[in-house]
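# Descriptive analysis of the structure
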Amino acid sequence: MGDSKTIQNRILKHNDTRTDVKRWNANDTINEFIKDEKEIQAIQDEVEGHFQGVLDALVIDTENDHNTNETAKRVAKMFVREIFAGRYEPMPRVTTFPNEGGGNGSGRYDQVYISGPITIRSTCAHHMMPIVGNCWIGIKPGDKVIGLSKFNRLVDWVASRPQIQEEMTEQIADIIEEQTDPEALAVVIKAQHFCLTHRGVKEHESDMTTSVMRGKFQKEVALRNEFLSLMNNMRGHHS
Ligand SMILES: [Zn+2]
């Protein structure tokens, strides 16, 4: 048994009795408070019921309109299982390896490398409209490294929530920092916001770029410039 109120109450109870207070904002994960798959299904069913109410309020005859007959069901599934799945599913499993991949089989890799462009598919928390773009991650590793494909999975987990681009960039940096403890870390996101292209000013050239620099990328200008020039030569900047 479970629904969103059960889970909310669990979070409130946790916050009452512990010092590590948990938020359940739109772009937070609440996975640790969900007991099992049945509870995720219960959330999905509840969203379906409420979304049907939204369609009713919009005065759409969903009973006789074959286009919208199943829309509440489809939207609820899309929200909970796909575009907001990063709130409900656990963090992707990440295995770290010791950094001993330096040349000649000795020493460690101590150069800057970049992973990207990683596709960003997210949703604006203000308007529930898509955010679509690219992400680049620059790393000068410390003692630990992770497989390149893990960057994509971590980025996707964070992006699969109602987001604000600046906070999404910080959240991605936080997780990668936690997992790899690098000497230098950069996260750059360039994305288009459909809430700007489809409404309001209908501005079609509305890309937004956000970046977070940590460790030596923050302190050492030459290293940061090395990252920026490498990144700017990668594809994905003019899409
Ligand atoms: Zn928006």
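Described below are features of the structure shown in this document. Given the structure is predicted, the values throughout are model-derived calculations rather than measurements. (Residues numbered from 1 in each chain as written. Predicted model: local features only at pLDDT ≥ 70, side-chain atom pairs only at ≥ 80, totals over all residues.)

## Observations concerning the overall build of the chain
- What the chain contains, in helices and strands, is nine helices and seven strands.
- Dimensions of the chain, computed from the C-alpha atoms along their principal axes, are close to 70 × 50 × 30 Å.
- Within the chain, the proportion of its 239 residues that are buried is 27%.
- The long-range share in the chain, meaning contacts at least 24 apart out of those at least 6 apart in sequence, stands at 69%. (Helix = DSSP H or I, 4+ residues; strand = E, 2+ residues; numbered from the N terminus. Buried ≥ 20, exposed ≤ 12 C-beta atoms within 10 Å, placed from the backbone. Contact = placed C-beta atoms within 7 Å.)

## Side note on the packing of helix H2 (residues 37–57) against helix H3 (residues 71–83)
- It is the contact of H2 with H3, at a shortest axis distance of 8 Å, that shows an interaxial angle of 135 degrees. By the angle between their directions, the pair H2 and H3 is classed as oblique. For the pair H2 and H3, the crossing hand works out as right-handed. Only Thr71, Ala72, Lys73, Val75, Ala76, Lys77, Phe79 and Val80 of H3 make contact with H2, whose side of the interface consists of Ile40, Ile43, Gln44, Val47, Glu48, Phe51, Gln52 and Leu55.
- Looking at the contact of H2 with H3 residue by residue, the classes come out as ten nonpolar, three polar and three charged. (Axes fitted to C-alpha atoms, helices over the stretch in contact; angles between N-to-C directions. Parallel < 35°, antiparallel > 145°, perpendicular 65-115°, else oblique. Left-handed = near helix turned anticlockwise from the far one by under 90°. Nonpolar A, V, L, I, M, F, W, Y, C, P; charged D, E, K, R; others polar.)

## Notes on the sheet that holds strand S7 (residues 207–215)
- Spatially, S5-S2-S3-S6-S7 is the arrangement adopted by the five strands of the open sheet, whose pairing is mixed. Among the strands making up the open sheet, the edge pair consists of strand S5 (162–163) and S7.
- By the bridge criterion, ten bridges tie strand S3 (residues 130–140) to strand S6 (residues 184–193) in an arrangement that is antiparallel. Note that in S6 the partner of Asn134 across the bridge is Lys190. (Pairing = 2+ DSSP bridges.)

## Remarks on the pairing of strand S2 (residues 113–124)
- Note: S2 against S3, nine bridges, orientation antiparallel. Bridging from a neighbouring strand, Ser122 pairs with Ile131 of S3.
- Hairpin connection between S2 and S3: a loop of five residues separates the two successive antiparallel strands, and Met128 in this loop has a positive phi of roughly 60 degrees.
- Where S2 meets S5, two bridges bridge the pair, whose relative direction is parallel. Each residue of the ladder has a partner; that of Thr123, found in S5, is Pro162.

## A word on the pairing of S6
- Among the ten residues of S6, nine are classified as buried, and the element is accordingly described as predominantly covered.
- When S6 meets S7, the two strands line up antiparallel, connected through nine bridges. Note that in S7 the partner of Val187 across the bridge is Val212.

## What to know about helix H5 (residues 148–159)
- In this model H5 runs 17 Å from its N-terminal to its C-terminal C-alpha over twelve residues, within 8% of the 16 Å that 1.5 Å per residue would give.
- Looking at H5, one finds that the buried residues are Phe151, Leu154, Val155, Trp157, Val158 and Ala159.
- Elements in contact with the buried residues of H5: helix H4 (85–88), S2, S3, S5 and helix H6 (165–180). (Expected span 1.5 Å × (residues − 1).)

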